[in-house]
Every structure is written in structure tokens, then in C-alpha cells.
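# Report on the structure
The chain contents come next:
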Amino acid sequence: MRQAGTYSGILSAAKNGPRHSLPLARIKKIMKKSGEDVKMISGEAPLVFSKACELFIEELTQKSWKVAVGGKRRTLHKEDVVEAVVGTDVFDFLVALVSRQDTSHSDSGRAGVEDTSHVA
């Protein structure tokens, strides 16, 4: 279990001025829409979610960038993100999402990526 000190930097940063880049009001709105049971949310909770989202985006970007570099490109494409999601066990919860988006885009005549619906 993590120590409380791990999050103290996030919470103290809020008191010294905003150090987050994601809109806290939007995060709070998403949190409230997550279920009927969620009625009250403390002021610190969206800050922690904001930091978690930033870390998630950084990790997915790093994995996707490795795919792009492996393809000898210096521009990150949607296909790189899809390949990173499919190739990383931690992102398995996103496989159905990227597979569903691929088929909807390929139906509209846009270039899609390979079908990943067979991936479990």
C-alpha cells in the first residue's frame, strides 16, 4: 500500500497554484456521471484523477511513440496508438474500443488499421 506522502505533492501544488493541465470541472462531471451513488466529491479527488490521467496519457504516448519509431516515422498516428494498445497487456481494457473505432472508420472509406477484434 502506498504512503499518503505520495499524493501530498499533488494536493500541496493545488494550494500554491494550479499545476494540473486537465480541466478539473470536466473531471468532476465525469466522476459524477459514473454512477447514481456518486453524489459528493471532495476537492482533492479530481486533482488525483487529473494526475492519474496525465500519467496514463504519458504512458500510452511513450508506448505509441516506440511503435512509430519502429516504423521509422517521427509522427505519431492513430495506428501507432492502436498497436500500442493491442501489444500491451495493461491496456487490454481499451482493445474493444480501438477495434470498434477501426471498423467504423474503415466503413466510411478511410484507411483503417488491421482488424484487432480477434484479440482477447
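Position numbers for residues start from 1 in each chain and track the written sequence from start to end. Local features in a predicted model are, by the rule used here, given only for residues with pLDDT of at least 70; side-chain atom pairs are given and counted only at 80 or more, and totals for whole chains, interfaces and linings are based on all residues. Neither water nor hydrogens contribute to the side-chain values; these are computed over all heavy atoms in the structure.

How we decide: UniProt positions are given in the numbering used here, feature names are shortened, and annotations may be inferred rather than shown by experiment.
By the naming in an unreviewed UniProt entry, the protein is Transcription factor CBF/NF-Y/archaeal histone domain-containing protein, taken from Kalanchoe fedtschenkoi. Quoted verbatim from the Subunit (unreviewed entry) field of the UniProt record, the comment on the protein reads "Heterotrimeric transcription factor composed of three components, NF-YA, NF-YB and NF-YC. NF-YB and NF-YC must interact and dimerize for NF-YA association and DNA binding." The annotation that UniProt attaches to the protein under Function (unreviewed entry) is "Stimulates the transcription of various genes by recognizing and binding to a CCAAT motif in promoters."

## A few points about the packing of helix H3 (residues 45–70) against helix H4 (residues 78–87)
The test is simple: Every angle, taken between N-to-C directions, lies between 0 and 180 degrees, and every axis is a line fitted to C-alpha atoms, over only the stretch in contact when it is a helix. Here a helix means four or more residues in a row that DSSP labels H or I, a strand means two or more in a row labelled E, and each is numbered from the N terminus. In what follows, roughly perpendicular refers to angles from 65 to 115 degrees, roughly parallel to angles under 35, roughly antiparallel to angles over 145, and oblique to any angle outside these ranges. Take the far helix as your reference; a near helix turned counterclockwise from it by less than a right angle gives a left-handed crossing, and one turned clockwise gives a right-handed crossing. By definition, residues are in contact when any of their heavy atoms lie within 4.5 Å. Polar here means any residue outside two lists: the nonpolar Ala, Val, Leu, Ile, Met, Phe, Trp, Tyr, Cys and Pro, and the charged Asp, Glu, Lys and Arg; Gly therefore counts as polar.
Packing of H3 against H4 brings their axes to within 8 Å, and their N-to-C directions diverge by 110°. As far as their axial angle goes, H4 and H3 are roughly perpendicular. The crossing of H3 and H4 is right-handed. The segment H3 lies against H4, with Leu 60, Lys 63, Ser 64, Val 67 and Ala 68 engaging Asp 80, Val 81, Glu 83, Ala 84 and Val 85. Tallied by class, residues from the contact of H3 with H4 come to six nonpolar, one polar and three charged.

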